[in-house]
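Inside the fold
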Amino acid sequence: MGETTVTTTKGRQAALSCSVADEVPTPSANPDGHAPGRRSRHPRAPRLWFEILLVAVSYWTYSLVRNAVPEQRDQALRNAEWLWEAEGRLGIAVEESINHAVNSVTWLIVGMNYYYATLHFVITLAVLVWLYRRHPLRYAPIRTALFATTGVALAGYYLYPLAPPRLMKGDLFVDTVMTHQTWGSMASGDLKNMSNQYAAMPSMHIGWSLWCGLTLFALARVPWVRVLGLLYPALTLVVIVATANHFWLDAVGGMVCLGFGYGVARLWYGPRPRLTTRLAPPRGPRPGRWRGGGPAPPGGGAEVGRRESSTSQAP
C-alpha cells in the first residue's frame, strides 16, 4: 500500500513565507543597485506633441537670445586679433590660406556657402526625427545632451564676443557669401542685420554636427551611414574655415560645449547602460497570476497554490 502525503498547515505557511521572501524585494536594494532613498531616472517613451513643442520653443529661444546679445564690436574685433595671434604661435593659423584657395574654385565655394547656410539645421532636425522614431529609449538622454550644448553656447556668446575671420580688419579673409552673392547666410548680405555678427565662439556648426555624427555612428546599423556620420563633422570643419566664418579654435569651443552637454545628460539620467536599455518602470506593482487564471493573492499566491495542490506518492 502506498501512503499519500498531503501538505500540512505548517507546510503551507512555510511555503507562503518562502514565496513572499522570494518575490518581494528587500528595501536594501533596487533593480539598479542603488542604495535606498536614491532615485534614478529612466527614459520614458517620448510624446510627439511635446517634442515638437520643445524643439520649436527651444529654437525660438536660441535665436532670440543669440541675436539679443550685445554685439560689442570693438571687443569682438580685439578678441579675434588675439585669437588669430594665438593660433599663429601654435602654428595652426592656416585659415587664410584655406579661405583663399577654396574661394578660387567657384563651384566649390558656392556649394560650401549653401552647405553652411542650410545643412546645419536640416541634418540636425533629421537626426532628431530619426532618433525619435528608431530609438525612442535613447531619445531623451541624447536630446538632452544637444539642448544642454546649445544652452551653454549661448553663455559663450555673451561672455566672449568674437568676430569671425571675414570681419577682421585688414581684408585678410574673403567674405565668400558677399563675393559670390549666394543665398541663405544669416551672417552676410541683406540678412546680416537679423543675426548677431559677433557670436563666432563657440561654433555650434561643429557642436551640432559632431552630435549628429556621434549619434549616427553609435546607433546606425548600416555601415555607410555610420561612415557618413563620421565624415559629416569633419566636412563641416572644412566648410566653416573655408567660408571664413570661424577659426579652428571656435571648433574646439563647440566640442567643449558638446562635452558639457553629454555631462549634463549623464548626471540627469545616469550611466549609459542604465539610461539606454529600458523605459522607466511602471508606477504601480504588477499583480501576479494564478496558473488557472485570475489575479494572485498578496504574497505570491501562484506559487502557494501550486504547492498546496501538489501531492506525492511514497512507495
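Read on for an overview of the structure. (Residues numbered from 1 in each chain as written. Predicted model: local features only at pLDDT ≥ 70, side-chain atom pairs only at ≥ 80, totals over all residues. Heavy atoms only, no water.)

1. Quick notes on the overall build of the protein chain
Within the protein chain one finds 12 helices and two strands. Going from N to C terminus, the protein chain has its helices and strands arranged as β-α-α-α-α-α-α-α-α-α-α-α-α-β. Buried residues in the protein chain amount to 38% of all 315 residues. Taking all contacts inside the protein chain whose residues are at least 6 apart in sequence as the whole, residues at least 24 apart take part in 81%. Of the roughly 18,400 Å² that the protein chain leaves accessible, carbon and sulfur atoms contribute 63%. (Helix = DSSP H or I, 4+ residues; strand = E, 2+ residues; numbered from the N terminus. Buried < 20%, exposed > 50% of the residue type's maximum accessible area, 1.4 Å probe, protein only. Contact = heavy atoms within 4.5 Å. Areas by Shrake-Rupley, 256 points an atom, 1.4 Å probe, with all protein chains shown as cover.)

2. Overview of the packing of aromatic side chains
A full pass over the atoms with the stated rule returns five aromatic pairs. Aromatic side chains tryptophan 84 and phenylalanine 247 sit 6.1 Å apart centroid to centroid with 40° between the ring planes, which places their arrangement in the tilted category. Here tryptophan 84, found in helix α3 (residues 73-90), pairs with phenylalanine 247, found in the loop between α9 (223-242) and α10 (248-269); they are 163 residues apart in sequence, far enough to count as distant. Given the relative accessible area of 0%, phenylalanine 247 is considered buried. When the ring of tyrosine 132 is compared with that of tyrosine 139, the centres are 5.5 Å apart and the planes differ by 85°; the resulting orientation is edge-to-face. Owing to a relative accessible area of 2%, tyrosine 139 belongs among the buried residues under this scheme. Grouping aromatic residues by their ring pairs yields a cluster made of Trp84, Phe173 and Phe247. Above the face of the phenylalanine 217 ring, arginine 226 is positioned so that its terminal group lies 4.4 Å from the ring centre. (Phe/Tyr/Trp six-rings, centres within 6.5 Å; stacked < 30°, edge-to-face > 60°. Lys NZ or Arg CZ within 6 Å of the ring centre and 35° of its normal.)

3. Side note on a nonpolar patch on the surface
Taken together, the side chains of Val222, Trp224, Val227, Leu228 and Leu231 make up a nonpolar region of the molecular surface, amounting to roughly 500 Å² of accessible area. With respect to the element layout, leucine 228 can be found in helix α9. Of the residues examined, leucine 228 reaches a relative accessible area of 46% and is grouped as partly exposed. (Patch = residues over 30% accessible without salt bridge, like charges linked within 9 Å, V, L, I, M, F, W, Y side chains within 5 Å. Salt bridge = Lys/Arg side-chain N within 4 Å of Asp/Glu carboxyl O.)

4. Overview of the pattern of salt bridges
A full pass over the atoms with the stated rule returns two salt bridges. Of the charged contacts in the structure, one is a salt bridge between aspartate 74 and arginine 73, with a shortest N-O distance of 3.8 Å.

5. Some words on helix α4 (residues 95-103)
Listing the buried residues of α4 in full gives Glu95, Asn99, Val102 and Asn103. Relative to the axis of α4, the buried residues are bounded by an arc of 100° and lie together on one face. For α4, the elements touching its buried residues are α3, α5 (106-134), α7 (176-180), α9 and α10. (Arc of directions from axis to C-beta.)

6. Examining the nonpolar core
Ranked by internal contacts, the top residues of the largest apolar core, which has 31 residues, are Met112, Leu131, Tyr157, Met204, Trp211 and Ile240. Sorting the residues of this core by element identifies α5, α6 (136-159), α8 (204-219), α9 and α10 as the ones contributing at least two each. With 14 residues, the next largest nonpolar core counts Leu162, Met168, Ala200 and Met201 among its residues. (Core = buried A, V, L, I, M, F, W, Y, C linked by side-chain atoms within 4.5 Å.)

7. Describing the side chain of asparagine 103
Tracing the backbone shows asparagine 103 in helix α4. Note on asparagine 103: relative accessible area 16%, which makes it buried. At 2.8 Å, the side chain of asparagine 103 and the side chain of histidine 180 are in polar contact. Residues within four places of asparagine 103 in sequence aside, it is in contact with Ile109, Val174, Thr176, Thr179 and His180. (Polar contact = N/O pair within 3.5 Å; in protein donor to acceptor, adjacent residues only side chain to side chain.)

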